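# Close look at the chain arrangement
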Amino acid sequence: MVQIWLVELLKGTGKIFLHPVLYYLVFLAGILGVMRVKRERKNFHIRAEDAYYELRQLLPLGGVIGLILSIIIVGAGIVVPFAAILLIAGFTLLLSVTLNVRFLSPAYTIGAAFFAVILFAQNHWSIPLFEKAFRSIDDKVYPSIAVILGLLIVAEGILMLRNGSKGTSPKLAKSKRGKSIGVHEVKRVWLLPLFMLIPGSALQLPFDWWPVFHLGAKEYSLVLVPFAIGFSQQVKGMLPSEAIKLHARQVIVLGALVTLVSAAGYWVPITAIIAVAIALIGREFSTLIAYLKDENRPFYFSKKNHGVMIIGIIPESPAGKMGLQVGEIITKVNGVQVHDETTFYEALQKNRAHCKLDVHDTKGEIRFVQRALFEGDHHELGILFVQDKREFDKMIG
């Protein structure tokens, strides 16, 4: 029995390389990185993170979460029809065409696939080359799909909390009054590989109670399936890390609620439909709430009279090594009061071998940082500022 499971595990792992979503996510992450760098260069003449940053965020944390969820899914015996996996992949590719990566939330991709499975079964539809997979489903509700949806929404929230606030991208914009302001945005996709149990011909029931969410079959197969999770948010009214983490906690709570409600679908199938509806409406509502709260706040990244606000830090630059943070305000450079990018640069030139900064941190407390300067260091320490209106107009013109 153990040997059979090990063989099936290896075979199922290899099948991930046959899945088009795996390669498409690599391509999409690369596109997002190139687009971000192009915009940052237009706004600041330099990029913050390199174009491969989004690609590097694609898997590591998602792989760990995927392993944990795989143990839960296989241990509980949560089985899904192969037709559902095909439809989830189809909706993932379809919804990503707009490059609005927030539609790659499991609430939309798996939620749409859930209702599509029901429609395909009731109308006896199928997809060419996969007729057998769709003939094997019937017109009942599949609570197992809803359970996986809930678990993946929890995973989405954890990814947002731990990874979404890293490397947010600064950009310049105009307020309704024509003033130059700064905003931060994040557009990210994550790959979350999950081992899924599908009706097959390899694994027999190891326990009397397993699988819990069965589909009437007596044998099953393991397949490693790449799930896409996308996230997009723009923040102008507070520190991006705080706004994204607040949004993430709301998503985790939503995912927990969807999981609990969908689990009841094992006994009362209609609750699975309710759970998926909660996921779709709740995910859209959380995005709307985050947007409205941000819109009602005053601009966080705007030109200050008593100093220059940091909107971005170039990695491995002198500013990064000095521990400067996004949202801090530099009031003095080498003892000289600064109020814009020009006076900041002029004050730096007073001592080309060393700089001392008076900084107001994000809590309003004053601290002093200093560092020796070396040949080849960025002429502005690697700090990105909110431009004054004339400079801003030149950059976007």
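It should be emphasised that the depicted structure is a prediction, and the values quoted were computed from it without experimental measurement.

## Notes on the nonpolar core
- Core analysis: the biggest nonpolar cluster contains 56 residues, and Leu192 and Met196 have the highest contact counts within it.
- It is helix α8 (residues 143-164) that provides the largest number of residues to this core, a total of 11 residues.
- Among residues more than four places away in sequence, those in contact with Leu192 are Gly62, Ile65, Gly66, Leu69, Leu152, Ala155, Leu159, Val225, Pro226, Phe227 and Ile229.
- Core analysis: the second largest hydrophobic core is formed by 21 residues, Leu28, Leu32, Ala89 and Val189 among them.

## Some thoughts on the pattern of salt bridges
- Under the criterion given, the structure shown has eight salt bridges.
- Linking Arg39 and Glu185 is a salt bridge whose minimum nitrogen-to-oxygen distance equals 3.4 Å. On the criterion of sequence distance, the pair formed by Arg39 in helix α2 (residues 20-44) and Glu185 in strand β2 (residues 180-204) is long-range, its members being 146 residues apart.
- Classification of Arg39 by relative accessible area gives buried; the value is 18%.

## Things to note about the packing of helix α6 (residues 106-123) against helix α10 (residues 270-295)
- Look at α6 against α10: their axes get within 10 Å of each other, and the N-to-C directions meet at 150°. Considering the angle they form, α6 stands roughly antiparallel to α10. The way α6 lies across α10 gives a crossing that is left-handed. Counting all contacts with α6, which are made through Ala107, Tyr108, Gly111, Phe114 and Phe115, the residues of α10 involved are Ala272, Ile273, Val276, Ala279, Leu280, Arg283 and Glu284.
- Considered class by class, the residues forming the contact of α6 with α10 number nine nonpolar, one polar and two charged.

## Quick look at unusual backbone geometry
- Here Leu129, not a glycine, exhibits a phi torsion of approximately 80°, which is positive.
- Looking at the secondary structure, you find Leu129 in the loop between α6 and α7 (131-135).
- The backbone of Asn334 sits at a positive phi, close to 55°, despite the residue not being glycine.
- Mapped onto the elements of the fold, Asn334 is located in the loop between β6 (329-333) and β7 (336-337).

Here is what the cut-offs are and how they apply
Residues numbered from 1 in each chain as written. Predicted model: local features only at pLDDT ≥ 70, side-chain atom pairs only at ≥ 80, totals over all residues. Heavy atoms only, no water. Core = buried A, V, L, I, M, F, W, Y, C linked by side-chain atoms within 4.5 Å. Buried < 20%, exposed > 50% of the residue type's maximum accessible area, 1.4 Å probe, protein only. Helix = DSSP H or I, 4+ residues; strand = E, 2+ residues; numbered from the N terminus. Contact = heavy atoms within 4.5 Å. Salt bridge = Lys/Arg side-chain N within 4 Å of Asp/Glu carboxyl O. Axes fitted to C-alpha atoms, helices over the stretch in contact; angles between N-to-C directions. Parallel < 35°, antiparallel > 145°, perpendicular 65-115°, else oblique. Left-handed = near helix turned anticlockwise from the far one by under 90°. Nonpolar A, V, L, I, M, F, W, Y, C, P; charged D, E, K, R; others polar.

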